[in-house]
Amino acid sequence: MYVATEAEVLRLRAVLRDLVALSAMPAAWIESEPPEVAAGLADTLVGLLQLDFAFVRLSDPGGAGAVEVTRGSAWTGFPEWLETRLARTAPFPRKEKVPDASDDYTQRSGIAVPIGVNGQGGMVAAACERRDFPTAVEELLLSLGANHAAAAFQNARLIHERKRAEDELRKARNELEVKVAERTAELHVANDALSALRRVATLVAEGVRPQDLFAVVAEEVARVVDVPLVSVARYELDGTATECASFSPEGPFFPVGKRWSLGGTNVLQLVRASSEPARIDDYLRLGGQIADVLRRSGIHSTVGVPIVVPGRVWGAMVVSTAGPEPLPEDTEVRLADFTELLATAIENAESREALERVAEEQAALQRVATLVAQGVRPFEIFSEVSEEVGHLFETNTAAVIRFEHDGPASVFVGGSKNVQGVIPIGTRWQLDDALASAEVYRTGRSARVDAVNWSSVSGPVALAGRRLGLVSSIASPIVVEGRLWGTATVSSKQPLPPDAEERLEKFAELAATAISNAESKAELAASRRRIVAASDEARRQIERDLHDGTQQRLVWLGLAVRSAEASVPPEKDDLRAELSRIATGLATAVEELQELSRGIHPAILSQGGLGPALRTLARRSTVPVELDEITDTRLPEPIEVAAYYVASEALANAAKHAQASRIEVSLAPRDGALLLSIRDDGIGGADPIRGSGLVGLTDRVEALGGSIRVESRPGDGTHIAVELPLELVAVEES
């Protein structure tokens with residue numbers, strides 16, 4: 001029986017210890033990272049085998065990567081030798097002598113052990129100064145360690161990959177959960193926005209007035225965009241902005257109707273200047289009314305989006321926040337849908353208002369045109385035009401002014417009630433360049449002044465302008481038959497709309513028509529009065545000629561015949577009888593001539609007036625006449641003559657054609673006119689158109705600015721009513 005020596009026993013124990021140590025390595029590396037496995041193998045080999053140099057290369061057969069670890073220092077030639085082994089694809093020897101260039105090329109012992117098939121799992125290389133290195137046991141230990149390391153490496157890599165995959169999966173799941181949460185929040189926000197837009201769109205479709213819609217939209221935007229302050233402002237023609245609505249959780253932040261100056265830097269000014277959305281995230285160093293108010297209110301960030309009605313920027317929606325962070329970058333986009341709905345509502349409302357305004361304007365023009373067609377006096381037309389214009393422009397401050405070219409000057413000839421309350425009719429003032437009427441006088445075209453400087457204007461019109469607080473004025477020319485007669489004006493405490501000139505010109509044209517008609521009517525009436533006066537003068541001349549000439553000669557001849565009759569001898573009775581017959585005939589001729597003379601122009605009318613003349617007609621009438629309220633006041637001669645001839649013709653017709661048994665005549669002044677009434681109880685049925693006498697009398701009455709009305713229904717008698725003005729003035733105001 002072989003008994004091992006003590007050295008062999010010790011050696012065997014060392015080998016067993018090393019085997020146990022190598023066998024424990026996989027369990028120690030099971031949770032390690034791949035680099036730690038390679039380092040652990042290298043350290044273990046150096047410690048167990050007492051190596052001068054160890055190199056471990058662990059690689060993944062799948063090509064996912066390799067780990068290399070070096071321990072100790074090799075001889076100079078060892079790296080080249082190792083590189084040669086690493087470059088080989090075919091199996092290489094397990095051990096070779098490695099030259100050492102630093103030691104006279106003394107041969108040192110080294111070994112390279114492949115891992116896996118053809119070294120695909122890596123390689124373990126070691127070197128030692130011992131000449132017998134490596135022994136069979138050491139080579140076994142190297143191979144065993146290398147294989148354990150390879151297995152541990154693969155396990156570590158698999159565990160690492162699994163952990164990495166789990167981490168990536170966990171990360172992906174977390175990211176997905178975050179994205180789902182974000183998307184869900186976005187969907188909630190989008191749904192809220194869509195619901196709000198749907199509610200607003202419903203109100204727009206129902207035709208809710210914009211002023212009622214603004215507050216609703218401001219509240220919806222504040223909730224959807226999650227901001228503490230929302231306001232809607234309208235741009236004005238004078239360069240300011242008016243607050244239309246505002247919303248904050250504590251209630252309206254700014255009062256409706258507040259006027260904002262756009263001076264300085266603010267989003268309202270930026271939006272108006274660019275017609276694009278604008279934002280300001282810091283008001284600390286900005287100036288102007290709006291910036292001061294927002295700064296005092298603690299507002300830091302604001303975004304404004306234009307409300308664009310076709311053709312112009314109507315206004316803007318502004319959202320604000322007091323937080324330290326600026327408003328989100330998508331705020332402008334989120335507001336765009338709401339501003340578009342507001343723009344649609346405003347456009348619809350303006351279209352409806354335009355139609356209503358056109359209808360109202362046409363109705364007003366029709367009312368004025370009706371008055372013009374009815375021949376209403378220009379003064380009344382001027383007042384009606386001013387009232388209609390003032391109502392249309394919601395200012396009630398309108399007037400009609402006549403130009404005097406010798407001066408030149410303006411004369412107030414008509415206006416709305418509040419203007420007449422401060423400027424009396426007939427007030428005259430010099431033309432002033434600060435007034436729109438002066439521009440009309442110079443150019444003959446409509447003119448506008450949107451900032452009247454009353455301090456530079458003098459006279460009564462300046463006092464009225466300051467008293468009424470007027471700042472904007474428009475004037476349109478009144479042109480009568482090619483000449484500039486005057487101007488129609490309208491003034492307001494606010495800037496008048498852009499189309500005011502065009503609308504005012506229509507009323508100025510009606511006023512011009514009324515003036516032209518009145519002038520034509522006045523000229524016609526004057527011409528007719530001249531004709532009537534000439535006719536009356538001719539009648540009087542004929543009456544005088546008959547009285548002073550023919551009638552006197554006939555009277556003288558009658559007296560001469562009577563004288564000859566008296567001197568005829570008694571025996572010549574035949575001659576005396578003939579002369580008596582001639583004298584009687586001459587007397588009858590004189591009476592007939594007197595009657596004719598009275599018909600041409602009754603002397604009693606000139607001598608006693610209309611009252612006595614009517615009483616004379618009544619006494620001479622063959623039908624009983626009842627006189628009622630007969631005035632003895634002397635009236636203008638044309639009035640008396642016209643009334644006398646109407647009464648004379650009416651009494652004659654009643655006696656000849658009406659078969660009347662009674663006639664009633666009344667004459668009395670009333671409200672600046674003379675009223676003559678003649679009524680009979682005859683058969684009626686008189687036709688004034690076919691009666692030449694009444695037609696002529698109608699011309700005479702109308703020539704004096706009066707009227708005549710004939711009512712004669714069959715069986716109800718005839719009633720003639722005449723109205724004559726007591727003051728014979730031309731119907732003209734120019």
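This is a predicted model, so every value here is computed, not measured. (Residues numbered from 1 in each chain as written. Predicted model: local features only at pLDDT ≥ 70, side-chain atom pairs only at ≥ 80, totals over all residues. Heavy atoms only, no water.)

Within strand β10 (residues 301-309), eight of the nine residues are buried, leaving the element largely enclosed by the surrounding structure. The pairing of strand β9 (residues 278-280) with β10 spans three bridges and is antiparallel. Paired with R279 across the two strands is V303, which belongs to β10. Pairing between β10 and strand β11 (residues 312-321): nine bridges, direction antiparallel. Each residue of the ladder has a partner; that of V303, found in β11, is V319. Taking the residues that link successive antiparallel strands as the turn, the β10-β11 hairpin has two residues, and the phi of G311 there is positive, at about 100°. (Buried < 20%, exposed > 50% of the residue type's maximum accessible area, 1.4 Å probe, protein only. Helix = DSSP H or I, 4+ residues; strand = E, 2+ residues; numbered from the N terminus. Pairing = 2+ DSSP bridges.)

Glancing now at the sheet that holds β10. Strands sit in the order β8-β7-β6-β11-β10-β9 across an open sheet of six strands; the sheet is antiparallel. Across the chains shown, the open sheet's two edge strands, defined by having one partner strand only, are β8 (259-261) and β9. Taking each pair of neighbouring strands and ignoring which way they run, the sheet shows an average axis angle of 30°. Together, β6 (229-235), β7 (240-247) and β11 form the strand contacts of helix α5 (residues 210-225), whose direction differs from that of β7 by roughly 60°. Strand contacts of helix α7 (residues 289-296): β8 and β10, with the helix running at about 110° to β8, the strand carrying the most contacts. (Axes fitted to C-alpha atoms, helices over the stretch in contact; angles between N-to-C directions. Contact = heavy atoms within 4.5 Å.)

Bringing the pattern of salt bridges into the picture now. Two side chains bearing opposite charge may form a pair once their charged atoms approach each other closely. Taken as a whole and assessed by the stated rule, the structure comprises 19 salt bridges. With its nearest N and O atoms 3.0 Å apart, the salt bridge here joins E640 to R634. Assessed through its relative accessible area of 2%, E640 is described here as buried. On the accessibility criterion, R634 (44% relative accessible area) is partly exposed. For E664, the salt bridge goes to R662, with nearest N and O atoms at 2.3 Å. On the basis of relative accessible area, R662 is assigned to the partly exposed category, the value being 38%. (Salt bridge = Lys/Arg side-chain N within 4 Å of Asp/Glu carboxyl O.)

Turning next to the side chain of S712. Among the structural elements, S712 can be located in the loop between β21 (707-711) and β22 (718-725). Within the structure, the side chain of S712 is placed 2.9 Å from the backbone nitrogen of G685, a separation counted as a polar contact. Here T718 takes part through its side chain, which lies 2.8 Å from a polar atom of the side chain of S712. (Polar contact = N/O pair within 3.5 Å; in protein donor to acceptor, adjacent residues only side chain to side chain.)

Quick look at the environment of P477 now. Relative to the assigned elements, P477 resides in strand β16 (residues 472-480). Among the residues examined, P477 registers a relative accessible area of 17% and is labelled buried. As a C-alpha pair, P477 and V440 span 37 residues in sequence and 6.2 Å in three-dimensional space. Discounting chain neighbours no more than four positions away, the residues touching P477 are V440, G444, R445, S446, L484, G486, T487 and A508.

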